[in-house]
Amino acid sequence: MRIQLRDNSLGNPNSIPETILSDIPANERRFRKKRRSRRRMRISKESMNRLVMNFLVGKGYREVAEAFWRDSGTKPHVDLQSVQDRMSIQQLLLKGHIQEARDKLSGMISDFFEKNSWIDFLLAKQELIELIKVHNIEEALQFAVKNLAPFGQKSPHFLQEIERTMSVIAFKSPLESPLGHLLEQTQRRRVADEVNSAILRSQKEELEPLLPSMVQHFHYMEDQLEAKLSRHPRGISIDDPPCQH
């Protein structure tokens, strides 16, 4: 078996001769390799600014987005007032003010419910849940007949959801029932998240900002490189097959 050290220093003034590299600890060699990879993965400042703005808009940080616009000159791709409206709708839903959120959403996007029947149903179901939470059973029944029954006639799935929600009334202690989670704050959060995603889709925005996913991808690539370097130490190649006995 012949082990050969490659000399990459010729023709590359930035490389380190293998005779020197062999004296450098393995961890240091891996660090230098990763640093060179990072240099190759650099993106322009303009592209990074767009990613940051995308993140701020997607997460609803209007004031920060405005400040970033002033400082960087990176114009947001949507009207920042729509960001404020979207966050206002989120807050109304989290407080259980379903009808107010519905009205604000209709004012924001006139044909929203025509194109998002699932969200229309989801808000109607949540309004029923809010009535059940305050033990207004009679009004809840009237609301279900008037506002939810038409959905049940259109879709078996909607009908199943209506029956499931109405069954909460049958329990003496609804919060302790198997469906008690419908009465918790987490249910409001789920509805708010669904509505937020639907608004972003209607505005043709990214449902999840690209910046966090790019960072995760970068770390993944680093881990893959680390694993590869651990398996194949740099500068050593095996040219001859092992001797046969």
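Everything here concerns the structure above.
Bear in mind the structure is a predicted one, so any value in this text is a computation, not a measurement.

Undergrad: Could you clarify how one ought to interpret the packing of aromatic side chains in this entry?
TA: Given two aromatic rings, their pairing is described by the distance between the two centres and the angle made by the two planes. With the rule as written, the count across this model stands at seven aromatic pairs. A ring pair is formed by Trp118 and Phe158, whose centres lie 6.2 Å apart and whose planes are at 10°; its orientation type is stacked. Within this pair, whereas Trp118 is found in helix H8 (residues 117–133), its partner Phe158 is found in helix H10 (residues 156–166), the two being separated by 40 residues in sequence. The interplanar angle of 90° and the centroid separation of 5.7 Å between the aromatic rings of Phe151 and Phe158 together place this pair among those described as edge-to-face. The exposure classification of Phe151 matches that of Phe158, with both residues buried. The ring of Phe113 is capped by Arg102, whose NZ or CZ atom sits 4.9 Å from the centre of that ring.

Undergrad: Would you mind showing me how to read the nonpolar core here?
TA: As a rule of thumb, soluble globular proteins bury nonpolar side chains together. Leu93, Phe112, Ile119, Leu123 and Val195 are the most contacted members of the largest nonpolar core, which has 18 residues in total. Elements supplying a minimum of two residues to this core: helix H5 (80–94), helix H6 (98–108), helix H7 (112–115), H8 and helix H11 (185–202). In terms of residue count, the dominant contributor to this core is H11 (five residues). Among residues more than four places away in sequence, those in contact with Val195 are Ile89, Leu93, Leu105, Ile119 and Leu123.

The rules behind these values
- Residues numbered from 1 in each chain as written.
- Predicted model: local features only at pLDDT ≥ 70, side-chain atom pairs only at ≥ 80, totals over all residues.
- Heavy atoms only, no water.
- Phe/Tyr/Trp six-rings, centres within 6.5 Å; stacked < 30°, edge-to-face > 60°.
- Helix = DSSP H or I, 4+ residues; strand = E, 2+ residues; numbered from the N terminus.
- Buried < 20%, exposed > 50% of the residue type's maximum accessible area, 1.4 Å probe, protein only.
- Lys NZ or Arg CZ within 6 Å of the ring centre and 35° of its normal.
- Core = buried A, V, L, I, M, F, W, Y, C linked by side-chain atoms within 4.5 Å.
- Contact = heavy atoms within 4.5 Å.

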